[in-house]
Amino acid sequence: MAFDSKEKMDRGTILIVDDDDINLAILENIFMPYYNVITAGNGLEGLEKIMADPERLCAVLLDVVMPEMNGMEVLKRLHTNELLRQLPVFLITAEASDDLLEKAYSLGVMDVIGKPIIPYVVLRRVQSVIELFRARKRLSSKVKDQQARLLEQAQQIIQLNQGMIEALATAIEFRSEESGGHVRRIHDITKHILSETEFGKGLNDREIQEIALASILHDVGKIAVPDAILNKPGKLTKEEFEIMKTHTVQGAALLNKIPQLKSQDAYIYATDIARHHHERWDGRGYPDGLRGSEISPWAQVVSLADVYDALSCKRVYKDAFPREKVLDMIRNGECGVFNPKLLDCFFSVEDELSKLYRKDEL
């Protein structure tokens, strides 16, 4: 039966390495009807052909006793290069001692075939292993494809979830007549402080990413605050301020009622930040009056980021303050007391943070 070039390529290639011309001819005659066959007259030549393109080979038949390099040495080289996991190698030898068998199998040889060669036995043993390797390769390829698709789907879900979180947070900001850029800046400030200063020590990159994502939901509870209070241009009354303060507990409660969010790594950070981003280092914040290290590091960072952004930008109840005034107010505790270590870290990177603001916002 004749094969065209494509059929020959599809049926695979076997490399036979033997210094005996008679053995080469016998093995060629056995496998040529089923595979493309190439040969090598010694171990060194055989190793060079394998290393040149191992992917094209479906099996290697390797004599043991040969000039230049014997079969066991070739086997050791293939083992060192971890090629025996993807390429089945068969030793063909008249000397199948226990010591040789033990060494060959420990290196990863697939089978040891004794001489004299029995054609139908050799053919069946080699074909069975080749089909096994091909099936394993097909399965591995399918698994990799499925993993790639699952990874892509997971990434799409992550992006969708992040987009929904950002949309929700931005909707709240627009409702309070803020720019919508507020949540993006809080995200960037939080991430920068945690990743570029000592205050984020102990947090890995993924945790910092999750905290930064969670930070944009810090004011989500404002959805429960009446418009008349949320957008009041003047100073709030005592009663109105008490209502405004409830956005912290309302935010945490709202996030707790979103089952899809609970499956996200950012959930724990988001609920803590929503509830505690108005706590203060001296215990005079709200809603729980937490003091010092009772406040989580991420809630502390978002608290400072929120104050910095609010002072730096125009709000319905005030104009933006100049940068120097903003820094003085934070340094002097005019907007609440912050962790001294956090303040040191903040001022060490404030030059970079100030670039987040357009000139017309300062």
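Residues numbered from 1 in each chain as written. Predicted model: local features only at pLDDT ≥ 70, side-chain atom pairs only at ≥ 80, totals over all residues. Heavy atoms only, no water.

Next up on the list: the layout of surface pockets. There is about 930 Å³ of room inside the largest pocket. Lining the largest pocket are 31 residues, with Phe241, His278, Tyr286, Ala310 and Tyr317 positioned closest to its centre. The set of elements that each furnish at least two residues to the lining of the largest pocket consists of helix H9 (227–230), helix H10 (238–245) and helix H14 (297–312). With four residues, H14 is the single largest residue contributor to the lining of the largest pocket. In the lining of the largest pocket, the residues fall into 14 nonpolar, six polar and eleven charged. Within this model, the second largest pocket holds a volume of roughly 430 Å³. Taken together, 18 residues line the second largest pocket, and the ones lying closest to its centre are Glu55, Gln86, Phe133, Arg134 and Lys137. Sorting the residues of the lining of the second largest pocket by element identifies strand S3 (57–63) and helix H6 (119–175) as the ones contributing at least two each. By residue number, the principal contributor to the lining of the second largest pocket is H6, which donates eight residues. (1 Å grid on protein atoms, 1.4 Å probe; cavity = no way out; pocket = protein on both sides within 12 Å on 5 of 7 lines; lining within 4 Å. Points joined across faces, edges and corners; volume = space filled by probe spheres on them. Helix = DSSP H or I, 4+ residues; strand = E, 2+ residues; numbered from the N terminus. Nonpolar A, V, L, I, M, F, W, Y, C, P; charged D, E, K, R; others polar.)

Judged by nonpolar contacts, the single largest core of 42 residues is most densely connected at Ile193, Tyr308, Ile330 and Phe346. The set of elements that each furnish at least two residues to this core consists of helix H7 (181–196), helix H8 (205–215), helix H13 (267–276), H14, helix H15 (323–331) and helix H16 (340–353). Sorting elements by how many residues they give to this core places H14 first, with eight residues. What isoleucine 193 contacts, discounting residues up to four positions off in sequence, is Phe199, Gly200, Val301, Leu342, Phe346, Val349 and Leu353. (Core = buried A, V, L, I, M, F, W, Y, C linked by side-chain atoms within 4.5 Å. Buried < 20%, exposed > 50% of the residue type's maximum accessible area, 1.4 Å probe, protein only. Contact = heavy atoms within 4.5 Å.)

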